[in-house]
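# Tertiary structure, described
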Amino acid sequence: MGKLNKLITAMSVALLTSGAAIADMSGFGIGVTGSSATFDTKGYELEGGELERTSISKDVEYPAIWAEYSSPSYGPGLAITLGVEFIPGEAELGAKSRTDTTADANEDDQDDSTYTAKAEVSDYMSIYLEPTLRLQDNFGIYIRGAVSEVTVNSLESIASGTDSSTYGNETILGGTVGVGITGQTEGGLYWKLSHETTKYETVELTSTTGNQNTIKAKPEQEATRLAIGFRF
């Protein structure tokens, strides 16, 4: 609850500040976003004809930078914002370990090993559209739709043995829907608070080493986001 309380406090301060004066909420803007997200990934690994299903949930906090343009209001306060967003660095989707034990301990080629599989995302970019209803000159509500591209890096390590698999990377697309509120001060400083859901394409990778295993996974993301920007 501490993270949520911080977001609510920041939003309240922005509301009090933005209510002090009338602001023009159209024009170009740049800013940063802090996100508190949960990645849920479901999938399976096909190894030697055996299918093993799994699911992993991982809480992640990460920053993003963005640039956007907001149109003047049309009719009764309706406006459109179009922007691009980039997330620097990587974020881990989760990790899981298993131990494979050979039944016959006398086998010379037995594979008693502990595998740790994990995945991370990187090179995230998105294009988003935010139809906004401006309830006041400095306050509005919006819905958000975005199309994103991200690289999924599959990483596997092995404590012992020689049967580890290398899967490589895959670039996938994702779709985002969300809802938020926004406000702005007279000087051009503005904020956005939103909650969003992102669903990604299925990741399918085949290892180039080891047992030539195949994995499939479908990541989803729930995120609460607080953005601070400046409009020119």
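Residues numbered from 1 in each chain as written. Predicted model: local features only at pLDDT ≥ 70, side-chain atom pairs only at ≥ 80, totals over all residues. Heavy atoms only, no water.

Here we come to the overall build of the chain. Across its full length, the chain holds 1 helix and 9 strands. Across the 232 residues that make up the chain, the buried fraction comes to 41%. For the chain, the proportion of contacts with a sequence separation of at least 24, taken over those separated by at least 6, is 69%. A total accessible area of about 12,400 Å² is found for the chain, and carbon and sulfur atoms account for 59% of it. (Helix = DSSP H or I, 4+ residues; strand = E, 2+ residues; numbered from the N terminus. Buried < 20%, exposed > 50% of the residue type's maximum accessible area, 1.4 Å probe, protein only. Contact = heavy atoms within 4.5 Å. Areas by Shrake-Rupley, 256 points an atom, 1.4 Å probe, with all protein chains shown as cover.)

Moving on, we come to the pattern of salt bridges. On inspection of all chains with the given rule, the structure shows 8 salt bridges. For Arg231, the salt bridge identified is with Glu68, shortest N-O distance 3.8 Å. Pair noted here: Arg231 is in strand E9 (residues 214–231) and Glu68 is in strand E2 (residues 50–70), with a separation of 163 residues, a long-range link. Across this residue pair, the class does not change: Arg231 and Glu68 are buried. Of the charged contacts, one joins Arg144 and Glu196 as a salt bridge, the two residues approaching to 3.1 Å between their closest N and O atoms. (Salt bridge = Lys/Arg side-chain N within 4 Å of Asp/Glu carboxyl O.)

For Val203, the position within the fold is in strand E8 (residues 203–206). Taking C-alpha positions, Val203 is 7.2 Å from Ile172, a pair spaced 31 residues apart along the chain.

Now for the side chain of Thr81. Examined against the element boundaries, Thr81 turns out to sit in strand E3 (residues 78–100). What makes Thr81 buried here is its relative accessible area of 5%. Side chain to side chain, Thr81 and Ser70 meet in a polar contact 2.7 Å long. Setting aside its immediate chain neighbours within four residues, Thr81 contacts Glu68, Tyr69, Ser70, Tyr128, Leu129, Glu130 and Thr132. (Polar contact = N/O pair within 3.5 Å; in protein donor to acceptor, adjacent residues only side chain to side chain.)

Chain-level pLDDT for the chain is 78 on average; 68% of the residues reach the 70-or-more range. When pLDDT is averaged over each element of the chain, strand E7 (residues 189–200) comes out on top at 96 and helix H1 (residues 2–18) at the bottom at 50. Across residues 15–22, where pLDDT falls below 50, the model places 13 contacts with residues more than four positions away in sequence or in other chains. (pLDDT = per-residue confidence, 0-100.)

Excluding glycine, residues mostly have negative phi values, and the peptide bonds linking residues are mostly trans. For Asp123, which is not a glycine, the phi torsion comes out positive at approximately 55 degrees. Looking at the element boundaries, Asp123 is found in strand E4 (residues 113–136).

If you look at the biggest cluster of nonpolar residues, it comprises 17 residues, and the most contacted ones within it are Tyr62, Val150, Val152, Ile172 and Tyr200. Those elements giving two or more residues to this core turn out to be strand E1 (27–47), E2, E3, E4, strand E5 (139–158) and E8. With residues up to four places along the chain from it excluded, the contact list for Tyr62 reads Thr33, Gly34, Ser35, Ala37, Ile87, Gln221 and Ala223. The next biggest cluster of nonpolar side chains, apart from the first, holds 5 residues, and it includes Trp66, Tyr128, Tyr190 and Ala227. (Core = buried A, V, L, I, M, F, W, Y, C linked by side-chain atoms within 4.5 Å.)

As a general feature of sheets, a regular strand has side chains that alternate between the two faces. Burial along E8 is one-sided: Val203 and Leu205 are buried, and none of Glu204 and Thr206, which face the opposite way, are. Here E8 pairs with E9 via 4 bridges, running antiparallel. Bridge assignment links Glu204 to a residue of E9, and that residue is Lys216. (Pairing = 2+ DSSP bridges.)

We now examine the environment of Thr176. If you trace the backbone, Thr176 turns up in strand E6 (residues 168–184). Sequence-distant contacts of Thr176, that is, excluding residues within four places in its chain, are made with Arg144, Gly145, Ala146, Glu196, Thr197 and Thr198.

Here the focus is the packing of aromatic side chains. Tallied over the full model, the rule gives 3 aromatic pairs. Their ring planes at 85 degrees and their centres at 5.4 Å tell us that Phe230 and Phe232 sit as a pair that is edge-to-face. We note Arg144 situated over the ring of Tyr128; from NZ or CZ to the ring centre the distance is 4.2 Å. (Phe/Tyr/Trp six-rings, centres within 6.5 Å; stacked < 30°, edge-to-face > 60°. Lys NZ or Arg CZ within 6 Å of the ring centre and 35° of its normal.)

Relative to the assigned elements, Ser154 resides in strand E5. Take Ser154: its relative accessible area is 15%, and that puts it in the buried class. Considered as a pair, Ser154 and Ser207 are 53 residues apart in the sequence and their alpha carbons are 9.9 Å apart.

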